[in-house]
Structure formats: C-alpha cells, structure tokens
Amino acid sequence: MCVCSRLRTCSDVGITGRSVFSSPVLSVCCTAHHHHHHLNTMKQHAVVRWWLLISSLLCLSSAASTHSDFFTSIGHMTDLVFTEKDLVTSLKDYIRAEESKLDKVKKWAEKMDALSVTATQDPDSFLGHPVNAYKLMKRLNTEWGELESLRQHFPNDDDQVGAAKALMRLQDTYKLDTQVIASGDLPGTSSMGSLKSALSVDDCFDLGKVAYSEADYYHTELWMSQALRQLQEGQETAGAANAVVILDYLSYSIYQQGELERALDFTKQLLELDSTHQRANGNLKYFEYQLAKQQAAEEAEGGAGREKREAETKGERGNADYLPERRKYEQLCRGESIKMTPRRQSRMFCRFFDNNRHPKYVIGPVKQEDEWDRPRILRYHDIVSDAEIELVKQLAKPRLRRATISNPITGVLETAHYRISKSAWLTAYEHEVVDKINQRIEDITGLDMSTGRGAADKYILFVANYGVGGQYEPHFDFGRMSDVSSGGATVFTDVGAAVWPKKGSAVFWYNLFPNGEGDYSTRHAACPCPTSGFMSEDRSSEGGVPSTRRPDLSSSSSPT
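First, a word on scope: everything that follows refers to the structure included in this document. Bear in mind the structure is a predicted one, so any value in this text is a computation, not a measurement.

### A look at the overall build of the protein
Working step 1: Along its length, the protein carries 18 helices and 15 strands.
Working step 2: Split into buried and exposed, the 560 residues of the protein put 47% on the buried side.
Working step 3: For the protein, the share of sequence-separated contacts (at least 6 apart) that also reach a separation of at least 24 residues comes to 68%.
Working step 4: Here the protein has roughly 28600 Å² of accessible surface; of this, 54% comes from carbon and sulfur atoms.

### Topic: the packing of helix 9 (residues 201-213) against helix 11 (residues 243-256)
Working step 1: Helix 11 packs onto helix 9 with a crossing angle of 35 degrees between their chain directions and a minimal axis gap of 12 Å. Read as a crossing pair, helix 9 and helix 11 show a hand that is left-handed. Residue-level inspection shows F205, K209 and Y212 of helix 9 in contact with helix 11, the latter providing V245, I246, Y249 and Y252.

### Let's talk about the pattern of salt bridges
Working step 1: The final tally for this structure, using the stated rule, is 25 salt bridges.
Working step 2: Its salt-bridge partner being R334, residue E336 comes within 3.2 Å of it at the nearest N-O pair.
Working step 3: A residue is classified by how much of its surface remains accessible, and E336, at 33% relative accessible area, is partly exposed.
Working step 4: A salt bridge links E430 to R399, with the shortest nitrogen-to-oxygen separation between them at 2.0 Å. Linking E430 in the loop between strand 7 (422-427) and helix 18 (432-445) with R399 in the loop between helix 17 (386-396) and strand 4 (401-402), this pair joins segments that are 31 residues apart in sequence.
Working step 5: The partly exposed category is assigned to E430, whose relative accessible area is 27%.
Working step 6: One salt-bridge network, in which partners are shared between bridges, spans K135, K138, D203, D206 and K209.

### So, unusual backbone geometry
Working step 1: For the bond from R374 to P375, the omega torsion is 0 degrees, close enough to zero to count as cis.
Working step 2: Despite not being glycine, A215 has its phi angle at roughly 60 degrees, a positive value.
Working step 3: Within the element layout of this structure, A215 appears in the loop between helix 9 and helix 10 (217-232).
Working step 4: By relative accessible area, which is 46% here, A215 ends up partly exposed.
Working step 5: Within the chain, D382 stands out as a residue other than glycine whose phi angle is a positive 55 degrees.
Working step 6: Relative to the helices and strands, D382 resides in the loop between strand 3 (377-381) and helix 17.

Here is what the cut-offs are and how they apply
As a convention, each chain's residues are numbered from 1 in the sequence order in which they are written. Where local features are concerned, this predicted model is filtered to residues with pLDDT of at least 70; where side-chain atom pairs are given and counted, the filter is 80 or more; whole-chain, interface and lining totals use all residues. Side-chain metrics in this entry use all non-hydrogen atoms of the structure; hydrogen atoms and water are not considered. Every helix listed is a DSSP run of H or I at least four residues long, and every strand listed is a run of E at least two residues long, numbered separately from the N terminus. When a residue's accessible area, from a 1.4 Å probe over protein chains only, is under 20% of the maximum for its type it is buried; when over 50% it is exposed; and in between it is partly exposed. Contacts are residue-level and defined by heavy atoms, with any inter-residue pair within 4.5 Å sufficient. Accessible surface is estimated by sampling points in the Shrake-Rupley manner with a 1.4 Å probe; for residues, cover comes only from the protein chains shown. An axis is simply a line fitted to the C-alpha atoms; with a helix, the fit covers only the stretch in contact. Between two such axes, the angle follows the N-to-C directions and lies from 0 to 180 degrees. For any helix crossing, the convention is left-handed if the near helix is rotated counterclockwise from the far helix by under a right angle, and right-handed if that rotation is clockwise. Every case where a carboxyl oxygen of Asp or Glu lies within 4 Å of a side-chain nitrogen of Lys or Arg is listed as a salt bridge.

So, in structure tokens, the structure goes:
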C-alpha cells in the first residue's frame, strides 16, 4: 500500500479529503474568524494547524517504519514525490489563509485608528452621541475583550447591556424609529458630521438579544426587524446574525405579544430558508393549532372578539409599568402636554434682579426669568462661567461614583435602574471656585447654604454626570441635599411643567413650604438626553434652617 493511502487512516489527527496534506485537510482550521478574536485566536489556530502538519508527518514516519528502505524502490519513492507536493500545497494554503486573516485584521485596525482619531479630537461630543457610546461599550467588551491582561480596565457585560437599554430608553421617551437610531441621525445631531455612527446588522441583532434576555419582546421585535431589514438590503454581517436566526427570534417575540398570524408568517419565512429547522417546524404546527382555536373563538364571539384582541396587542410596550406617570413623564420630555395657558403665560416675565439691593448686585444685577408660576420656578442666567464649569468638571471627574438612592425600607444606599448617572461631592475648602459658586447662590437667593454638618462641610457642591441615556425618574427632594438635574429637560409631572437646560444658567424652586412641609407639586424628573452627556451642579439648603429664610431652595445648572 502506498504511503498516502496509509496516511488517510490516521483519523486521530482529524484528516479527511483526497489526501493528508491537500487543502481540505486544513479547511477546518482555515476558516476566517471574526476580527475581534485576531490576537489570541490567530495564535491558537496557527498552533493547531502546524500540529496537524507535524502529526501527519509523525504518521508518515510511522508508515515509513513499516516501509523502510525507500531508496530501494522507485515505486515507494514516487509516492514520496506526491507526498511532498501535497505538503507544499498545504503550506501555501496555510499561508494564504493566514494572509487573508491578517488582511482582515489590518483593515479592522485601520478602521479603529480612523475612529479613534475622530473620537479623541472631541471626546465629549463624540460620546454625546448615544450610538457612539453604545458601540464603544460593545467594542471594548467584546472585540477587545480577548486582551485578558487589560480586561479588568474595560467595560463588562453590564456596561454593554446598560448602554443597550439606554438606547431603548431614548427610543421610547422620544418616540424614535429604529431606522433613525440605526442610521445615527438622531434629533439634534445634524451638526455632528463625522462624529455620527451607524448601527450595523450585528449591532441591531445584539440590541434585540439584550431585549430578549430581559423578556422585553416589544423591543426584541423592533431591533430584530431592523437587523433583518439591513440584512435584506445587502449589509454584511460578521457575527452570528443571519436571516434564519433573526426570523427565529422574531417569530417567538411576536408570538409572546399575542400576534399569532404574524408569528406564523415569520415561521414560514424561516422554513423557506431552512426546511429542517427543528424548532420552527414544531412552532409551525403549534401556531397553526392555536390560530385555529383563536379563529373559532372569534367566530363564536363575532367581530367584537377580534377587535378587542387587536386593541390589546397593538404596538404597546410590555406589561404593567412600575411608574404610573410614565406616559406623562415622557410626554413632558418631548415637550408635549405642557399645562401653561396663554393667560398664565402673559404673567411670566424676565427682569434684572438685585435681591433687595444686595451690595454685589446693585450695579450689576443678574438676569432672572420666570419659568413657571405654581410652583414658582425661576431661572438665573449666566450664573456660572465657562472657566468655572471646566474647573468644576476637572475637580469632580476623579471622584465620580454611581449615583445611589436610599432604600425606603432598609435605609441603605443602593443603585437603581431609574437613576442613571454618576455623582461627586465637592467642599468649599478644596478649591475657591466651589466656595464662590455656593456664595453666589446664597447672595442671589438670600438662603443660608450651610449644611449644618460643621465648618468643614459648610458649603458642599453636588455634581452629577449623566452618561448615555442618563436619567432620574420622578422623585421628591425633601429635607436633604437636592438631586435636581436637567437631562434633556427637568420635568414636573404633577403640574405639567418642563424646564430645558441652558449652559451656565441655574434653575431654582422651593420644594418646602414656609412651615417646612414638602410641596408635592415639585415632584420632578431628569429626562434622558438624546444627544449629549453633561455635567450638572445641584445645590439646595438643608432642612433645619430657620423658616424665615424659606429653606430648601433646589437648584440646577447645566454647564454643558
């Protein structure tokens, strides 16, 4: 038996095809992998390929031991000529596969280089676009995640999921179409130019998977539909997303929303692509059975049954919401349903304000504007300068920690899904700018801004930084440091008011009555910002200040 024929029996080294060293031999390992595995995976598979070659050579040596003295037979030497030819062919295949993979890595590196140059020119503006922020979390968590030595410094799965949920939160709050988000053309981003990014098929698919993992079938459908649309338009996919997988997610998520006919339709589309798909074949029978039962029930009830079912399943999000006022909150964030009548508006004014001829403001009074009448909300313009803003941001950045809420039952501070931001506390003795800003608030309002916690904490500035889709849902601020902030707007859900952010201005309102009781009409929320993150300085006087000073005036300024 010739050498090549004997080597074909060496199945322990995984050899198949026409010859030990022909191109199909290494095809199992030569398949190009996704670029984000390019560092570790290339090394690992290079080792595997050469192991196959070496193992095959060992197998050849084993065969040679039984067919020794090759030189004594031209017939056996002829086999060796073809074996060497196969070795050269396999080596060339291996080189081509590695070169192809390296070309992909080079292209990806060039793409990342161009992106990083753009991002580092203006990081705040770049990350102000939520699509950019999401894709950064995803890249560092998955594509760069193979760098184990740096893994601890990179975003993790929670960060990627959080950024994905933020995009969906913006989508719901501002009624954004998936196509608008996927294209990167969000409201307010027209001037961002090259800073805008689009979502790929794989990005949309991953967003759908995040929603699916949360049993959020409404958003699963939206994002899987967008992924399918982009795939059908010819966009390439480098991950697990393909039409069959996407249709599988779509049919099930639509079924979970009670739309059997559409679920059945997507299942049939899936089976046209893969008639052997086991789950789809099972679902097809189940959906047809359930649909027949549903149609029989509708016929028994008449047309009213179908109309009722369609009304129950027509494009609404999820199940019961933990936040009863969500609809009002989101409407106000969009600038809708603001309850200001023309007559009340006619009594709102702008004026120069000196706080009863305060010595600092007699010659240079501040600009005061009425934002709302009941409760009274005031805006003071140009309260914080650009230089002060940048300095406060520099002081706060190293100290930023995830914002917490006090558990109403245990009193323990903990993070919450409805408060998405980081915060820091700055005291007056740390830098004169902190003292100046707090003194300015005290001079303008006439309030005692001390905390009552001792001289060291006499003046405290609270700084909040909102990330992608950052928000703080409706809440009160009674008898403690205020968390008032502006995230697209600060909205007051009880009275239907919305106050929009403006750089360098401060917005004030009283959240306690003169007798110290809380004013429940000041329930407010920070809307998620669809175009940029920002730093917000919040300050209020502590409860316990003499009531003649009208305590607990909450403030919110929007430096960026």
